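Take a look at the letters that make up each chain.
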Amino acid sequence: MDDVDTCLGIDIGGTGIKGAPVDTAAGRLLHERVRQLTPHPSEPEAVLDVVRDIVARFSWRGPVGITFPGVVFGGITRTAANVDKGWVDLDARKLFSESLHLPVTVVNDADAAGIAEMRCGVGQGRTGTVLLLTFGTGIGSALFRDGVLVPNTEFGHLELNGHEAEHHASGNVREEHNLSWEHWAHRVQRYLQHLEMLFSPDLFVIGGGVSKKADKFLPHIKHVRAEIVPASLHNDAGIVGAALAARTECGDALLPQSQQAP
Ligand code: BGC
């Protein structure tokens, strides 16, 4: 296999950090992923130690794509809703690449998952307006128009019923408040209706850990016009998307220039 086709993808989340080498042509993991808990506090140096460990576990010497659960602009992490505030305005690409001595691309976690689903999952060949949402620690969003990403949309912070949407309808809220799938699905439905009113998407893709449990909540979501499908890469979407973003060729196709690998 051509080296260009293999990148290490690392998905930094508020709860766990996962990584694996990815065949970016096929969009699949080449090894079973490794997962470690996100350190608390999740300061940059502590997260860097975990990333370094994942790179070492695979004896990795090629390009690395890393997701981050906040706004990422030109490799700089701008916000940190669910991780330590030390990430705000940090040159994360520089931190990772100088420490690992490898070329690094950093992208928003939901944007990465969206890139993976559009390229290799349920979004393949889909035109029009596609909105992928990840329901995990927070709510992430990735908006595509005719297959091109509008990065850093941050729709998890829209207001819903007087709360930030991610404080009302994330995957973690369902678990922490012990909500039934049906109760949670009604909150998600309200959220989708709100997004539908604003963006009229053709397709919603529901990602994050809950995508594996689609049969438990999708049947309760009835009053949304757009088609709704669960993501097909499930929890691997972030890893695959990070690796795809690291591969410049894919970056050219899916990411605006400000987000591409150097
Ligand atoms: C962050 C987003 C992220 C989402 C999912 C939100 O709190 O602001 O950038 O995509 O959580 O991790």
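This text gives an overview of the structure that appears in the document. The structure presented is a predicted model; accordingly, all values stated were derived computationally and were not measured.

## Overview of the site of the ligand
Taken together, Pro-69, Gly-70, Ala-81, Asn-82, Asn-108, Asp-109, Ala-110, Ile-139, Gly-140, Glu-154, His-157 and Glu-166 form the complete shell of residues around the ligand. At 2.5 Å from an oxygen atom of the ligand is found a side-chain nitrogen or oxygen belonging to Asp-109. For the ligand, whose unbound accessible area comes to 310 Å², protein coverage reaches 95%. Where the shell around the ligand is concerned, the elements lending two or more residues are α3 (109–120) and β11 (139–145). The residue inventory of the shell around the ligand, partitioned by class, reads 4 nonpolar, 5 polar and 3 charged. Both of domain 1 (3–107 + 242–259) and domain 2 (122–232) provide at least three residues apiece to the shell around the ligand.

## Things to note about the sheet that holds strand β6 (residues 72–73)
Picture the strands of a sheet paired through backbone hydrogen bonds; they go either parallel or antiparallel. If you walk across this open sheet you meet the 3 strands as β6-β7-β8, and the pairing is antiparallel. The sheet is open, and its two borders are formed by β6 and β8 (90–91), each paired with just one other strand. Two strands pair when backbone bridges link them, and strand β7 (residues 76–77) and β8 are joined in this way by 2 bridges, in the antiparallel orientation. Among the inter-strand pairings, Thr-77 is bridged to a residue of β8, identified as Leu-90.

## A closer look at the pairing of strand β5 (residues 64–68)
In terms of residue burial, β5 counts as a mostly covered element, since 5 of its 5 residues are buried. Judged by which residues are buried, β5 turns out to be covered on both faces: Val-64, Ile-66 and Phe-68 on one side and Gly-65 and Thr-67 on the other are all buried. Across 4 bridges, strand β1 (residues 6–12) lies against β5 in parallel orientation. Bridging from a neighbouring strand, Leu-8 pairs with Val-64 of β5.

Here is what the cut-offs are and how they apply
Residues numbered from 1 in each chain as written. Predicted model: local features only at pLDDT ≥ 70, side-chain atom pairs only at ≥ 80, totals over all residues. Heavy atoms only, no water. Near = heavy atom within 4 Å. Polar contact = N/O pair within 3.5 Å; in protein donor to acceptor, adjacent residues only side chain to side chain. Areas by Shrake-Rupley, 256 points an atom, 1.4 Å probe, with all protein chains shown as cover. Helix = DSSP H or I, 4+ residues; strand = E, 2+ residues; numbered from the N terminus. Nonpolar A, V, L, I, M, F, W, Y, C, P; charged D, E, K, R; others polar. Domains from an automatic or database assignment. Pairing = 2+ DSSP bridges. Buried < 20%, exposed > 50% of the residue type's maximum accessible area, 1.4 Å probe, protein only.

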